[in-house]
Amino acid sequence: MAMDNILVNGVTEILKPLIALISEQITLAWGVKDDLKKLKGTLESIQALISSAEEKQVNDPTVRLWLRRLKDIVYDADDVMDEFTYESMRPRKHKVRDLVSSGNPLLFQFKMARKIRAINEKLDEIYKNSDMYHLQTTSASQDHQTREQRNRLTSSILDDSILLGRKGAKSDIIKVLTDKSSPSLSTSSSGISSQSENISTLSIVGMGGLGKTTVAQMIYENDSIVRNFEPRGWVCVSDDFDIYKILKDIIESITLKKCEDPSNVDVLAKQVKEKLIGKKYLLVLDDLWNEDIRDWDKLKSFLVYGGLGSKILVTTRNHKVSSVVGGTVHDLIRVSDDVCWSIIEKKVSSQGGAVLTPDMTNIGRDIAEKCDGLPLAANSLGSLMCSRRKKSYWLSIINNNDLWSTPEHKKVISILKLSYDNLPSPLQQCFSYCCIFPKDWIIHRETLIRLWMAEGFLSPSSGGDDISFEDIGNEYFDYLVWSSFFQDVQKDRLLGDVATCKMHDLVHDLATSVIDCNEFGIGKVRDGKEEVSEVRRLRVAI
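Thresholds, definitions, all that
- Residues numbered from 1 in each chain as written.
- Predicted model: local features only at pLDDT ≥ 70, side-chain atom pairs only at ≥ 80, totals over all residues.
- Heavy atoms only, no water.
- Phe/Tyr/Trp six-rings, centres within 6.5 Å; stacked < 30°, edge-to-face > 60°.
- Helix = DSSP H or I, 4+ residues; strand = E, 2+ residues; numbered from the N terminus.
- Buried < 20%, exposed > 50% of the residue type's maximum accessible area, 1.4 Å probe, protein only.
- Arc of directions from axis to C-beta.
- Contact = heavy atoms within 4.5 Å.
- Axes fitted to C-alpha atoms, helices over the stretch in contact; angles between N-to-C directions.
- Parallel < 35°, antiparallel > 145°, perpendicular 65-115°, else oblique.
- Left-handed = near helix turned anticlockwise from the far one by under 90°.
- Nonpolar A, V, L, I, M, F, W, Y, C, P; charged D, E, K, R; others polar.

What to know about the packing of aromatic side chains
Part 1: One pass over the full model with this rule turns up 7 aromatic pairs.
Part 2: Ring plane angle 50 degrees and centroid distance 4.8 Å describe the contact between Phe431 and Phe485, whose orientation is recorded as tilted. Of this pair, Phe431 sits in helix 20 (residues 425-433) while Phe485 is found in the loop between helix 22 (469-482) and strand 7 (487-491), placing the two residues 54 residues apart along the sequence. There is no split in this pair, since Phe431 and Phe485 are both buried.
Part 3: Arranged with centres 5.4 Å apart and planes meeting at 80 degrees, the rings of Tyr433 and Phe457 form a pair that is edge-to-face. Of this pair, Tyr433 sits in helix 20 while Phe457 sits in the loop between helix 21 (445-455) and helix 22, placing them 24 residues apart in sequence.

Spelled out as C-alpha cells, the structure:
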C-alpha cells in the first residue's frame, strides 16, 4: 500500500499529554517561559482542527500530507519536552566545572530556547496553511458522542458468526483425520524411512479470508480429535520457513512450556523425537507458504517418529504447497450468499445494532452478495454496518466502485481497510500499533493495554468523564474484538473477560500497511545495518 494512501492518525493522542507537560514546565522554566507559552497556545489551536483534518484526509491527499508534516513536528516537540523534563529532574551539584560543561544550566536553557523557537516557526507555518483546507474546530460534545456510540457496541464482544457455513467442512476433515485407512505421507526423493507410513497429511487449501485457520481450530478442539490424538501441537509457519523455529514451536505447543533456546537444530530434533516417538499425534502447520520440497523433506524427517495414525494438518493458500506436502487435499469452498448474509445479519442485529427494515435487509443482502463467499469480508462489513446504521451509508458501500473493482486477491484487505478508515482516530492508532507483534502472536489483553498506556495512546475524552486509563484501554480492546480486528479470543476462567486474542494474518498485514514508516520498524540484529534513528517504535528480529 503506497505511503500516500496511508491515513495519518494518533496526532490528538500525542498532543494531549504533550500540552499537559508543557503546562507543567511553564511554571518551572526560566528563560523560555514565553516560548513555551507560545508553543502551548499554537498546539491548542491546532488540536481543535485535528478531528476535521482526520475526516477530510480520506478524500484529500493534501490534507493527509498536512497531517503527516504536523505529526513529524509534534514528535519533535515531544522529544524536546522529554529532554527538558529530564534536565529539570537531574540533580545539581553546583560544581565549578559544570559552568563550562554541557551540564551548564545557562547553556542548556539557550539550547532549549533555540529548539523551541525553531519548532514554533514550523508550527506557525503549519497553522497558517490550515486555512486553505477550511478545517473546522471540533466540540467536546462531538468527541463525547463518538465514545457513547463506541460504548453501545461493546456489550457483546464475543462472536462466532465467522463459523457459520463450515460445519460440513469440519465434519468431512475430521472423518478423514480419524479414518485409520487414510493415505500416508508420500515417499520423497530424500528416502525417509518406512516409519513415515505411520503418518499422513491433509491440506486445507483456499484463498485468504475463507476461514482456513478457523476451520482448523474447530477441528483441533473437537472432542473426537482430542480423544484420538495425543499429543497435539499447533504451529503458525507463515512466511518464514525456519526449521529451528518450527521445531522449537512444536515443543512449546506440545508441552505448553517455554523452550530454552538450544544451541542447534540437532538438539531440538532430539527433543521433538522424544515427544513424538511411538505416539499418535496431530500437528497443525498453519499458514504454510514454502514451496521448496527440500525444506519440506528436511522438516518431515524430524516428524516421522509418530505412532500409527499420526496426522499433519496443513493450511495454505497455495495448491503448489499442498502438492509438495502430499497426502489428501481439501479445497475449502466459498460460503453461499445466504451464509454471508447470516454472518452480516448476526453482527448487525447484535445488542445496540440497527433495526432491520425490509429496505435495510434488501440492501444488506446485496452487500452480502458482493462478499464473494468470504466469511472474513462478511464479518468485517457486518461490524461496520452495525456501527454505521444509516441507510445512506449502507447504500454508499454498495456504490463504492473502488472497493468492488479491487482485484479478487486484494478484496478482503480492501474491505478491512474500509473498516479501519471508519474507526475513531484513537482506535486506529491502538490497532496499527499491534503490528509490533509477529503474526499469530498470542496477545494478552492486560499487556497490550499497559503498552497502550505507556505509549500515551489512552486519554479521557474531552467530555471530562471520570474514567481511568485502564477502563479506556478495556473499552478500546473490547471494541476491536467486536469489530473483528481481533479474533481467537480466550476468556479468563475466573473473570469471564477476554484474556487473550490473535490477529488474522490479513488483519496483521493491514496493520503493517497503515502505519507510518517512521512509526514502526523491524531492526535486524544480525547485520546491524538498519537505519532506525527516525523510527519511533522498533521490533527486533533476531
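Here the narrative resumes, following the displayed structure.
What about helix 17 (residues 391-398)?
Part 1: Taken as a whole, helix 17 has its buried residues at Tyr393, Trp394, Ile397 and Ile398. Projected onto a plane normal to the axis of helix 17, the buried residues spread over an arc of 155 degrees and lie on a single side.
Part 2: The inward-facing, buried residues of helix 17 contact helix 14 (337-348), helix 15 (358-369), helix 16 (375-387), helix 18 (401-404) and helix 19 (408-421).

Examining the packing of helix 7 (residues 167-178) against helix 8 (residues 212-220)
Part 1: Between helix 7 and helix 8, the shortest axis-to-axis distance is 10 Å and the interhelical angle comes to 55 degrees. Judged by the angle between their axes, helix 7 and helix 8 are oblique. Seen along the crossing, helix 7 lies across helix 8 with a hand that is right-handed. The segment helix 7 lies against helix 8, with Lys170, Ile173, Ile174 and Leu177 engaging Val215, Met218 and Ile219.
Part 2: The residue makeup of the contact of helix 7 with helix 8, split by class, is 6 nonpolar, no polar and 1 charged.

Just geometry here; none of it tells us what the structure is for.
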